[in-house]
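One-letter residues, chain by chain:
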Amino acid sequence: MADNTKQKITIIGLGLIGGSIGLALKAGGIGNQVEIVGHDKTIEAEHLAKKRGAIDRGEHNLPRAVEGAALIIVAVPIPAVAEVFQQIAPHLTAGAVVTDTASTKAQVMRWAEAALPESVSFVGGHPMGGKEISGIEAADAELFRGRAYCICPSVNAAPEAIKQITGLAQLIGAEPLFMEAEEHDQYAAAISHLPLVVSTALFTLMRSSPSWEDLGSMASSGFRDVTRLASGEPEMSLGIWLTNREALIHWLERMIAELGRFREMLKDAQDEALLKTFTEARLQRDQFIAEPPRRRMPADVPKVEKGQVFAQMILGGKMAENLRRMKEMPQALEQQSKQAAASPGDRGRKKTFAEKIEEGVRRDLEKMERGAPPPAEPDRSSDPLK
């Protein structure tokens, strides 16, 4: 039964992402001030989402699910987004905010502009968290903690709506990251969609080999880790390909060129260059894991307590006391690449070739951090994404 005394949030799509958002909102401490209504294509998912505490109630009738909602979160696979927009458009309350969680944004923004009424604000969203398993069973309140939450506002979105989605990202533990839709799609193709294709391609290559039984029996954690993304939801993967084709092809071509570079080093026995490449990659990845780069928020985004903006907007200015109990963001990962001090017995030992290479790479990286010109790189003047 609907609770008319509370503001209403509707989550459409109760899989991994939608279910995790519901759980994170509840964990964020606004459960007593809002009613979270869930809709899914299956009644079973709605029942399980309620049982798990991700929603307060399910509503299998989509128009009724969005009627009177202040915020609608569309968390369905990309191919279904346009149809959902069309179905909910006539039933949205004026002033409502609609957002999504799709992993591509430019096409979704166009669908929103074509289908949604001018009386509502659309703010595109993409939480950069996920698993290779899907469904409400895999939902996790901590899925987004410490992860980027890409925000792509539509041209006509009200400032209050943008602040609300910023607060939503903060409340579920994520870090808002503002960008244009086209920019998002180019970067997502590189950092998210390309790994999906490479992971799948590696598995299909090995699985199609006549020697698969022997290969598979040898496979251990390395192969499993690298091919983990191949276990993802096929409909999601297809949606990425259909709506971000050109950007993904661009990065695939760059990946092919990079593999070609490795092939030439192996073919020409460029052992020193190969060792330096492996060493530099290890050092830089260790630094990335320990201290990921952070993108600054725009100056006009208010610096407030996590979730405060969201609570103020969705609750009409009332702040719940239990927001203060929200878990703090985890501390940055500890440095994983600290060089151990040489033991007394090592003082007279000559450095190995590998250690000399690593030392040189470290010096190059230190120079780059001090602002010195980096080592010369191949000419990429024709590359728009260099």
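**Topic: the overall build of the protein chain**
Next, step 1: Of regular secondary structure, the protein chain possesses 14 helices and 8 strands.
Next, step 2: Counting over 386 residues, the protein chain shows a buried share of 40%.
Next, step 3: The contacts in the protein chain between residues at least 6 apart in sequence include a share of 75% that link residues at least 24 apart.
Next, step 4: Counting every atom, the protein chain has about 22,100 Å² of accessible surface; 53% of that belongs to carbon and sulfur.

**A few points about the packing of helix H4 (residues 78-88) against helix H5 (residues 106-115)**
Next, step 1: Running from N to C, H4 and H5 cross one another at 15 degrees; their axes reach a closest spacing of 9 Å. Between H4 and H5, the angle falls in the class roughly parallel. The element H4 and its partner H5 pack so that their crossing is right-handed. Across the interface between the two elements, Ile 78, Val 81, Ala 82, Phe 85 and Gln 86 of H4 pack against Val 108, Trp 111, Ala 112 and Ala 115 of H5.

**Focus on helix H1 (residues 16-27)**
One turn of the α-helix equals 3.6 residues, which is why residues spaced by three or four share an orientation.
Next, step 1: A rise of 1.5 Å per residue sets the reference length of H1, with its 12 residues, at 16 Å; its end C-alpha atoms lie 16 Å apart and thus fit the reference within 8%.
Next, step 2: Of all 12 residues in H1, 10 are buried, a share of seventy percent or more.
Next, step 3: Leu 16, Ile 17, Gly 18, Gly 19, Ser 20, Ile 21, Gly 22, Leu 23, Ala 24 and Leu 25 are the residues of H1 that are buried.
Next, step 4: Phi turns positive one or two residues past the end of H1, at Gly 29, with a value near 95 degrees.

**Description of the nonpolar core**
Next, step 1: Grouped together as the largest cluster of nonpolar side chains are 36 residues, with contacts concentrated most on Leu 25, Tyr 149, Ile 165 and Ile 172.
Next, step 2: If you list the elements that add at least two residues to this core, you get strand S1 (7-12), H1, strand S2 (34-39), strand S4 (71-74), strand S7 (148-153) and helix H6 (159-171).
Next, step 3: Ranked by residues supplied to this core, first place goes to H1 with 6 residues.
Next, step 4: Not counting residues within four places of it along the chain, the set of residues in contact with Ile 172 comprises Ile 21, Ala 24, Leu 25, Phe 144, Arg 145 and Tyr 149.

**Let's talk about the packing of aromatic side chains**
Next, step 1: Within the structure shown, the criterion is met by 5 aromatic pairs.
Next, step 2: A centroid spacing of 5.7 Å and a plane angle of 75 degrees characterise the contact between Phe 203 and Trp 212, whose relative ring orientation is edge-to-face.
Next, step 3: Assessed through its relative accessible area of 29%, Phe 203 is described here as partly exposed.
Next, step 4: An aromatic cluster is built from Phe 203, Trp 212 and Phe 223, whose rings are joined through pairwise contacts.

**With respect to the pairing of S2**
Next, step 1: Summarising burial for S2: 6 of the 6 residues are buried, a large majority.
Next, step 2: Of the two faces of S2, the one lined by Val 34, Ile 36 and Gly 38 and the one lined by Glu 35, Val 37 and His 39 are each fully buried.
Next, step 3: Direction of pairing for S1 relative to S2: parallel, over a ladder of 6 bridges. Among the inter-strand pairings, Ile 11 is bridged to a residue of S2, identified as Gly 38.
Next, step 4: Here 2 bridges tie S2 to strand S3 (residues 57-58), and the two strands are oriented parallel to one another. Across the sheet, Gly 38 pairs through a bridge with Gly 58, a residue of S3.

**Some remarks on the environment of Ala 189**
Next, step 1: Tracing the chain through its elements places Ala 189 in helix H7 (residues 181-207).
Next, step 2: A relative accessible area of 0% means that Ala 189 is categorised as buried.
Next, step 3: When residues no more than four places from it in sequence are discounted, the contact partners of Ala 189 are Leu 194, Asn 244, Ala 247, Leu 248 and Trp 251.

**A closer look at the sheet that holds S2**
Next, step 1: An order of S3-S2-S1-S4-S5-S6-S7-S8 is seen for the 8 strands of this open sheet, with the pairing classed as mixed. Each edge of the open sheet is held by one strand with a lone partner, namely S3 and strand S8 (175-178).
Next, step 2: By the bridge criterion, 5 bridges tie strand S6 (residues 121-127) to S7 in an arrangement that is antiparallel. The residue bridging Val 123 from the neighbouring strand is Pro 153, located in S7.

**A word on the confidence of the model for the protein chain**
Next, step 1: Taken as a whole, the protein chain shows an average pLDDT of 82; of its residues, 75% reach a score of 70 or greater.
Next, step 2: Of the regions scoring below 50 in pLDDT, residues 316-343 engages in 47 contacts with residues more than four places distant in sequence or in other chains.
Next, step 3: Low pLDDT, under 50, characterises residues 374-386; the predicted model gives this stretch 14 contacts beyond four residues in sequence or across chains.

**Things to note about the side chain of Thr 101**
Next, step 1: Positionally, Thr 101 belongs in the loop between strand S5 (97-100) and H5.
Next, step 2: Excluding residues that lie within four positions of it along the chain, Thr 101 makes contacts with Ile 17, Ile 21, Ile 73, Val 74, Ala 75, Gly 125, His 126 and Pro 127.

**Observations regarding the state of the cysteines**
Next, step 1: Considering all chains together, one arrives at 0 disulfides under this definition.
Next, step 2: Distance from the sulfur of Cys 150, which forms no disulfide, to the nearest cysteine sulfur (Cys 152) is 6.4 Å.
Next, step 3: On the basis of relative accessibility, which here comes to 1%, the residue Cys 152 falls in the buried class.

**Digging into the environment of Glu 235**
Next, step 1: Mapped onto the elements, Glu 235 comes out in helix H10 (residues 234-243).
Next, step 2: You can call Glu 235 partly exposed: its relative accessible area is 33%.
Next, step 3: As for Glu 235 and Ile 78, which are separated by 157 residues in sequence, their C-alpha atoms are 8.1 Å apart.
Next, step 4: Discounting residues that sit within four places of it in the chain, Glu 235 has contacts with Lys 41, Pro 77 and Pro 79.

The rules we used
Sequence positions are assigned chain by chain, starting from 1 and proceeding in written order. At least 70 in pLDDT is required for a residue's local features to be given in this predicted model, at least 80 for side-chain atom pairs to be given and counted, and no such filter applies to totals for whole chains, interfaces and linings, which use all residues. Side-chain figures throughout are based on the complete set of non-hydrogen atoms in the structure, without hydrogens or water. In this description a helix means any DSSP run of H or I spanning at least four residues, a strand means any run of E spanning at least two, and both kinds are numbered starting from the N terminus. The buried label applies to any residue whose accessible area, calculated with a 1.4 Å probe on protein chains only, is under 20% of its type's maximum; exposed applies above 50%, and partly exposed to all values in between. Residue contacts follow a heavy-atom distance rule, with two residues in contact if any of their heavy atoms lie within 4.5 Å. In these tables, accessible area is a Shrake-Rupley quantity obtained with a 1.4 Å probe, and a residue counts as shielded only by the protein chains included in the view. To obtain an axis, a line is fitted to C-alpha atoms, over the contacting stretch when the element is a helix, and the angle between two such axes runs from 0 to 180 degrees between their N-to-C directions. Just so you know how the angles are binned, under 35 degrees is roughly parallel, over 145 roughly antiparallel, 65 to 115 roughly perpendicular, and the rest oblique. Take the far helix as your reference; a near helix turned counterclockwise from it by less than a right angle gives a left-handed crossing, and one turned clockwise gives a right-handed crossing. Multiplying one less than the number of residues by 1.5 Å gives the expected span of a helix. We call a set of buried Ala, Val, Leu, Ile, Met, Phe, Trp, Tyr and Cys residues a nonpolar core when their side-chain atoms join them within 4.5 Å. Geometry of aromatic contacts follows a simple scheme: Phe, Tyr and Trp rings, the Trp one being its six-membered ring, pair when their centres are within 6.5 Å, and the pair is stacked under 30 degrees between planes, edge-to-face over 60, tilted otherwise. At least two DSSP bridges between two strands are required for those strands to pair. A score from 0 to 100, pLDDT tells how confident the predictor is in each residue. Defined by distance alone, a disulfide is two cysteine sulfur atoms within 2.5 Å.

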